[in-house]
Amino acid sequence: MESRKIVEESEQFLATSTRDLPLVLDRGEGVWLYDVDGNKYLDFTSGVGVNNLGWPSHPEVIRVAEAQMRKLAHSMGNDFYNVPQLELAKKLVQLAPGEFPKKVFFSNSGTEAVEASIKLIKQSDPKRKYLVAFIGSFHGRTFGSLSLTASKPVQKYLFGPTLPGVFHIPYPNPFRNPWHINGYEDPEGLTNAVLEYLESWVFAHLVDPEEVAGIIFEPIQGEGGYIVPPKGFFSQLEKTARKYGIYLIDDEVQMGMGRTGKMFAIENFNSTPDVITLAKALGGGLYPIGATVFRKDLDFKKKGMHSNTFGGNAVACAIGVKTLEIVKELLPRVNELSKLFREELTQMKVDDVRGLGLAWGIEFVKGERKDPDTKTRDKVIEESFKKGLLLIPAGKSAIRIIPPLVISEEEAKIGLSMLKEVINSLR
């Protein structure tokens, strides 16, 4: 098999990373992927949220990308001006929640978008040096964003110490949390427990809130297990932040661009952040791009405080404009299919189901303590792969189910049926 040869050579020449399945991708068509041996797979991964518009991308996005490539690609967006960069910035400012003036900084990835957000809020008030993030979060792998990340110990293994001054608090996980509160039955109790921990323990014993610059969060935790918090959590967190003059950074890198049935995931939670970070799906599956959308009054105080080489790339921004248009049209489809996924997943032999739109997590645990059943989770992914269904893990024992937003109802039912068959054979 050609795949086996390429995998073996890749292990010899490529750095150790997160690859587990022996899949060597060759091409994609919509929601289907093909390996170099001609095997066909139904994609429930969306390239970890990059290919929301399918593989290789939506035909209109490809057309726009090709046209822009023939005119101008690299465009020194932080040194000169170009029209696609302006058009995308205007669209993002218009779509982002919050009735206040906004600006945009463009970069190449999610971790860069987060790094920019850290600088923005820190320089806005030099006396505010500290940050608050959540246990289970993933915000990137460069040193600033890695300091905020708290999903798995391996992500920081041998890299410490990271950026000082970051305090982590429990995320309001309805299924498993330090207080053993059933957050599905008592969402308000779980919300109050997290906020009490922040105020009565962190602010009372570890750091004065007047020195905290910002609180960063994912509206739905991605790498941490596709955790959906109680509906009212972020509006209450916002009240706490406003009381102390703390900025809110909303990391939408994985959950933005229509994944949850809204353009921005935070729109599901009646809260308005000061900064939003974007990447992944904004590039339409074709081009790397990151964006940091922020309150205009947070803008960098001096020219040259922050910049990069490829941010504002004309091709990436042209793609972003078209991607936003297409995603907006797909939102009704996403919300309709959400009902199908909820109905089908809740009938499977799993221990927890959570999600919104086309962002779903299923989890496997053991015993009354809900100890992670990583072995079963990994076996489900492995056996699904053998059947032709692509899945990827999240957290210690969860699977994220994130098909491209362009998936049809028929294709969704095929994938869900395959998944159900695998789970039934193992449990």
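Tallied over the entire structure, the rule returns 25 salt bridges. Across the pair Arg 427 and Asp 351 runs a salt bridge whose closest N-O atoms are separated by 3.0 Å. Of this pair, Arg 427 sits in the segment after helix H11 (409–426) while Asp 351 is found in the loop between helix H9 (314–345) and strand S11 (352–356), placing the two residues 76 residues apart along the sequence. The partly exposed category is assigned to Asp 351, whose relative accessible area is 32%. Linking Arg 369 and Asp 371 is a salt bridge whose minimum nitrogen-to-oxygen distance equals 3.3 Å. The exposure class of Arg 369 is exposed, given its relative accessible area of 68%.

Here we come to the sheet that holds strand S2 (residues 32–35). Here four strands make up an open sheet; going across it, the order is S1-S2-S3-S15 and the pairing mixed. Two strands close off the open sheet at either side, each with one partner strand: strand S1 (25–29) and strand S15 (389–390). Note: S1 against S2, four bridges, orientation antiparallel. By the bridge assignment for S2, Arg 27 is matched with Tyr 34.

Another aspect to go through is the packing of aromatic side chains. If you walk through the whole model with that rule in mind, you get 10 aromatic pairs. Ring geometry for Phe 105 and Phe 300: centres 6.3 Å apart, planes at 80°, overall edge-to-face. Separated by 195 residues along the polypeptide, Phe 105 in strand S4 (residues 102–107) and Phe 300 in the loop between strand S10 (290–295) and H9 bring together distant segments of the chain. Accessibility classification places Phe 105 together with Phe 300 in one group, the buried group. Through a chain of ring-to-ring contacts, three or more aromatic side chains come together here, namely Phe 134, Tyr 171, Phe 217, Phe 233, Phe 234 and Phe 269.

Attention now moves to the environment of Phe 80. With respect to the helices and strands, the residue Phe 80 is situated in the loop between helix H3 (59–69) and helix H4 (83–95). Taking the C-alpha atoms as reference points, Phe 80 and Gly 312, 232 residues apart in sequence, are found 9.5 Å from one another. Each residue touching Phe 80, except ones within four places of it in the same chain, is listed here: Ser 75 and Gln 85.

Strand pairs in the sheet, formed through backbone hydrogen bonds, run parallel or antiparallel to each other. With mixed pairing, the seven strands of this open sheet are ordered in space as S4-S10-S9-S8-S7-S5-S6. Across the chains shown, the open sheet's two edge strands, defined by having one partner strand only, are S4 and strand S6 (166–169). Strand-to-strand, the axes of this sheet are offset by a mean angle of 20°, without reference to chain direction. Pairing between S4 and S10: six bridges, direction antiparallel. Its bridge partner being in S10, Lys 103 is matched across the sheet by Phe 294.

This next bit is on the nonpolar core. Counting 92 residues, the largest nonpolar core has Leu 237, Leu 345, Ile 362, Ile 401 and Leu 419 as its most contacted members. Judged by nonpolar contacts, the second largest core, of 17 residues, contains Ala 116, Ala 133, Val 166 and Phe 300.

Within the secondary structure layout, Lys 119 lies in helix H5 (residues 110–124). Residue class for Lys 119 comes out partly exposed when judged on its relative accessible area of 39%. Once the C-alpha coordinates of Lys 119 and Phe 175 are considered, the two residues, 56 residues apart in sequence, prove to be 34 Å apart. With residues near it in sequence (within four places) discarded, Lys 119 still touches Phe 300, Met 305 and His 306.

A cluster of nonpolar side chains, namely Phe 143, Val 154, Tyr 157, Leu 158 and Phe 159, defines an oily patch on the protein surface of about 610 Å² accessible area. With respect to the helices and strands, Phe 159 occurs in the loop between helix H6 (143–148) and S6. For Phe 159, a relative accessible area of 44% gives the class partly exposed.

Here we take up helix H7 (residues 187–206). With 20 residues, H7 should reach 28 Å at 1.5 Å per residue; the first-to-last C-alpha distance of 27 Å fits that figure. Residues of H7 that are buried: Gly 189, Leu 190, Thr 191, Ala 193, Val 194, Leu 195, Leu 198, Val 202 and Phe 203. Summarising the contacts, the buried residues of H7 are in contact with strand S5 (130–134), S6, strand S7 (212–217) and helix H8 (233–244).

This part takes up unusual backbone geometry. Backbone geometry follows two general trends: most residues other than glycine have a negative phi, and most peptide bonds adopt the trans configuration. With an omega of -10°, the peptide bond running from Trp 55 to Pro 56 counts as cis. Tracing the backbone through its elements, the reader meets Pro 56 in the loop between helix H2 (46–49) and H3. The residue after Gly 160, namely Pro 161, is reached through a cis peptide bond having omega -5°. Its location among the elements puts Pro 161 in the loop between H6 and S6. The phi torsion at Val 48 lies on the positive side, around 55°, for a residue other than glycine. Relative to the helices and strands, Val 48 resides in helix H2. Residue classification places Val 48 among the partly exposed positions, given a relative accessible area of 29%. Phi at Lys 370 is positive, roughly 60°, even though this residue is not glycine. Assignment of secondary structure puts Lys 370 in the loop between strand S13 (365–366) and strand S14 (371–372).

The next point concerns the packing of H3 against H9. The contact between H3 and H9 brings their axes to 9 Å, and the two run at 155°. Of the possible angle classes, the one that applies to H3 and H9 is roughly antiparallel. The two elements H3 and H9 cross, and the hand of that crossing is right-handed. Taken together, the residues of H9 that come into contact with H3 (itself represented by Glu 60, Val 61, Arg 63, Val 64, Ala 65, Gln 68 and Met 69) are Ala 314, Val 315, Ala 318, Ile 319, Lys 322, Thr 323 and Ile 326.

About the thresholds
- Residues numbered from 1 in each chain as written.
- Predicted model: local features only at pLDDT ≥ 70, side-chain atom pairs only at ≥ 80, totals over all residues.
- Heavy atoms only, no water.
- Salt bridge = Lys/Arg side-chain N within 4 Å of Asp/Glu carboxyl O.
- Helix = DSSP H or I, 4+ residues; strand = E, 2+ residues; numbered from the N terminus.
- Buried < 20%, exposed > 50% of the residue type's maximum accessible area, 1.4 Å probe, protein only.
- Pairing = 2+ DSSP bridges.
- Phe/Tyr/Trp six-rings, centres within 6.5 Å; stacked < 30°, edge-to-face > 60°.
- Contact = heavy atoms within 4.5 Å.
- Axes fitted to C-alpha atoms, helices over the stretch in contact; angles between N-to-C directions.
- Core = buried A, V, L, I, M, F, W, Y, C linked by side-chain atoms within 4.5 Å.
- Patch = residues over 30% accessible without salt bridge, like charges linked within 9 Å, V, L, I, M, F, W, Y side chains within 5 Å.
- Areas by Shrake-Rupley, 256 points an atom, 1.4 Å probe, with all protein chains shown as cover.
- Expected span 1.5 Å × (residues − 1).
- Parallel < 35°, antiparallel > 145°, perpendicular 65-115°, else oblique.
- Left-handed = near helix turned anticlockwise from the far one by under 90°.

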